[in-house]
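# Geometric and topological summary
Listed below, chain by chain, are the residues.
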Amino acid sequence: MKRKPPVQVGQVIEVEIHGQGHNGSGVGRYNGFTIFISLVVPGEKVLAKVSLVKKNYAQADLLEVIEAHENRMEPRCPIYQECGGCQSQHLSYPEQLRLKEQQVRDQFERIGGFHDLAIHPILGMEEPWIYRNKAQVPFGQNPQGEIVAGFYANQSHEIIDLESCYIQHPDNDAVIRFVKQLVRELSIPVYHEKTHTGILRHLMVRIGVHTNEIMVVLVTNGKKLPHKEILVSKIREAFPQCQSIVQNVNDRSTNVILGKENILLWGRDVIYDTIGDVKFAISPHSFFQVNPVQTEVLYDQARKFAALTGEETVVDAYCGIGTIAMYVADQAKQVYGVEIVPEAIADAKENAKRNQMSHVHFEVGAAEKVMPKWLNRGIRPEVVIVDPPRKGCDSELLDAVVGMKPERVVYVSCNPATLARDAKYLAELGYETVEVQPVDMFPQTGHVECVAWMKRG
Ligand code: SAH
């Protein structure tokens, strides 16, 4: 007979943390039962309150640290514990890096079955704060009826008001504070998630850190946006570096932030930024790496692993606005990029034209559908680069990659668990992983980024 979980919701338990869970959480045991707790460090003894019980595990919230790890630190941010944004501020930066590297090793061993892989020391930041170039904050009302904008409290939809964020570019914070004040003064109705009423849902701000251009996106529940002329003129006056103000319409009951329709309120529909020597147009819907300093570190690694000589055909799958494709293009004969978001491909095409790269081609579609088509058309790349979202590559896509018989696969990953899974699958098809380079793209958070490369056997 299956054993009943030895804990129940609300129970306060003492737990020794022995390992890492995903996304910066710790794992411990209580009477042999697995407990996940956030904001703890392996080696610590803590008091925690059970918040969720499942068949095989439970989650608990930290109440008190009884025995602290020597690298535990006072978090810099005063609302660290309430805000879901960061998960590692209670750790010194070197310890964060050590744990991330360990996580990569563990996943490759546990999920991939790899034992003596060349996993290099993680590349961290010199200054692991104020690195983000993009902010998106929900608007709402607090129980006192005041307009707030900030972050959803950890695992909930209660909005915590936020004036500044320690990992955010200060200009983005300044725009958010300014727009919030304007919204209060102009009494613009904010969105209520439960009743699906009100107007202003989110504010997204993106800065091109090398061009100093700012894009402001006001996400609204429907096309109506009162006082838009005042909003536009005040934002322009306060932030002359703002080059683009967009209204995005999202009238669906959904957690997805952006709706389909953009209405240009002022300026250009894109802002520009550079990575290395290449200049990119970025529109509201396009993915663009959020840590500009580490993006170059990451892309340099991808370029190194691609080992191009100028003679190769390269495929960049999950290419976004074509950043990696164009970053390696000066060392390739032909580059083909594929991406599922049409706006991103429109940006990518414009970017290739602006950078006079007529040998770089882009196609919109699901990589797992487009790649087999390319294979049928006889496209035979020497190098395939993939950079999928957290869920990793589709097996259909990996089959198509292998069918193209490239010499190398360069795999950029934001999730070591799916990277290890896909590396195992590729190994079964004759592509052994040679090197893995973790890069810290998201200091203070539990996210881990890696670049790996696989060689045809
Ligand atoms: N390489 C780019 C983007 C990486 S993020 C960069 O470094 O900036 C992953 C990208 O994959 C996103 O742009 C997302 O829209 C895209 N994507 C997600 N699923 C996809 C699929 N099935 N086929 C193609 N692209 C996909």
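Residues numbered from 1 in each chain as written. Predicted model: local features only at pLDDT ≥ 70, side-chain atom pairs only at ≥ 80, totals over all residues. Heavy atoms only, no water.

### Considerations on the overall build of the chain
- Helices and strands together make up the secondary structure of the chain, namely 9 helices and 22 strands.
- On C-alpha atoms alone, the chain measures out to a radius of gyration of 23 Å, which is about the 23 Å that the 2.2 N^0.38 rule sets for 457 residues.
- For the chain, the spread of C-alpha atoms along the three principal axes comes to 65 × 65 × 45 Å.
- By the burial criterion, 53% of the 457 residues in the chain qualify as buried.
- Split by element, the accessible area of the chain, about 20400 Å² in all, is 49% carbon and sulfur.
- Mean positive and mean negative side-chain charge positions of the chain (49 and 56 charges, respectively) differ by 6 Å. (Helix = DSSP H or I, 4+ residues; strand = E, 2+ residues; numbered from the N terminus. Rg over C-alpha atoms; globule rule 2.2 N^0.38 Å. Buried < 20%, exposed > 50% of the residue type's maximum accessible area, 1.4 Å probe, protein only. Areas by Shrake-Rupley, 256 points an atom, 1.4 Å probe, with all protein chains shown as cover. Lys, Arg positive; Asp, Glu negative; His and termini not counted. Charge placed at Lys NZ, Arg CZ, Asp CG, Glu CD.)

### Points about the site of the ligand
- Taken together, 17 residues lie around the ligand, and Q289, Y299, E339, A367 and D387 are the ones closest in.
- Here an oxygen atom of the ligand and a side-chain polar atom of Y299 are 2.6 Å apart.
- I340 has a polar backbone atom sitting 3.2 Å from a nitrogen atom of the ligand.
- At the level of elements, helix 5 (323–328) and helix 7 (367–376) are the ones that each hand at least two residues to the shell around the ligand.
- Residue classes in the shell around the ligand are distributed as 10 nonpolar, 4 polar and 3 charged. (Near = heavy atom within 4 Å. Polar contact = N/O pair within 3.5 Å; in protein donor to acceptor, adjacent residues only side chain to side chain. Nonpolar A, V, L, I, M, F, W, Y, C, P; charged D, E, K, R; others polar.)

### Overview of the sheet that holds strand 2 (residues 26–30)
- The 5 strands lie next to each other as 1-2-3-5-4, forming a closed barrel whose pairing is mixed. Here the strands of the sheet are splayed against their neighbours by 50° on average, with no regard to which way each runs.
- In the sheet, strand 2 pairs with strand 3 (residues 33–37) via 5 bridges, with the strands oriented antiparallel. Pairing of Y30 across the sheet is with F33, part of strand 3. (Pairing = 2+ DSSP bridges. Axes fitted to C-alpha atoms, helices over the stretch in contact; angles between N-to-C directions.)

### Considering helix 8 (residues 395–403)
- Of the positions making up helix 8, those classed as buried are L397, L398, A400, V401 and V402.
- Contacts from the buried residues of helix 8 go to strand 16 (313–317), helix 7, strand 19 (383–386), strand 20 (408–413), helix 9 (416–428) and strand 21 (431–439).
- Two residues or fewer after helix 8 comes K405, characterised by a positive phi angle close to 50°. (Contact = heavy atoms within 4.5 Å.)

### Quick word on the UniProt feature "binding site: S-adenosyl-L-methionine" (unreviewed entry) in the chain
- Residues annotated by UniProt as "binding site: S-adenosyl-L-methionine" (unreviewed entry) correspond here to Q289, Y318, E339 and D387.
- The residue Q289 is located in the loop between strand 15 (278–282) and helix 4 (292–306) in this model.
- Among residues more than four places away in sequence, those in contact with Q289 are N133, T295, L298, Y299, D387 and M441.
- By secondary structure assignment, the location of Y318 is in the loop between strand 16 and helix 5.
- Y318 has contacts with V338, E339, A367, E368, V386, D387, P388, P389, G392, C393, D394 and L397, leaving out every residue within four places of it along the chain. (UniProt positions renumbered as here; feature names shortened; annotations may be inferred.)

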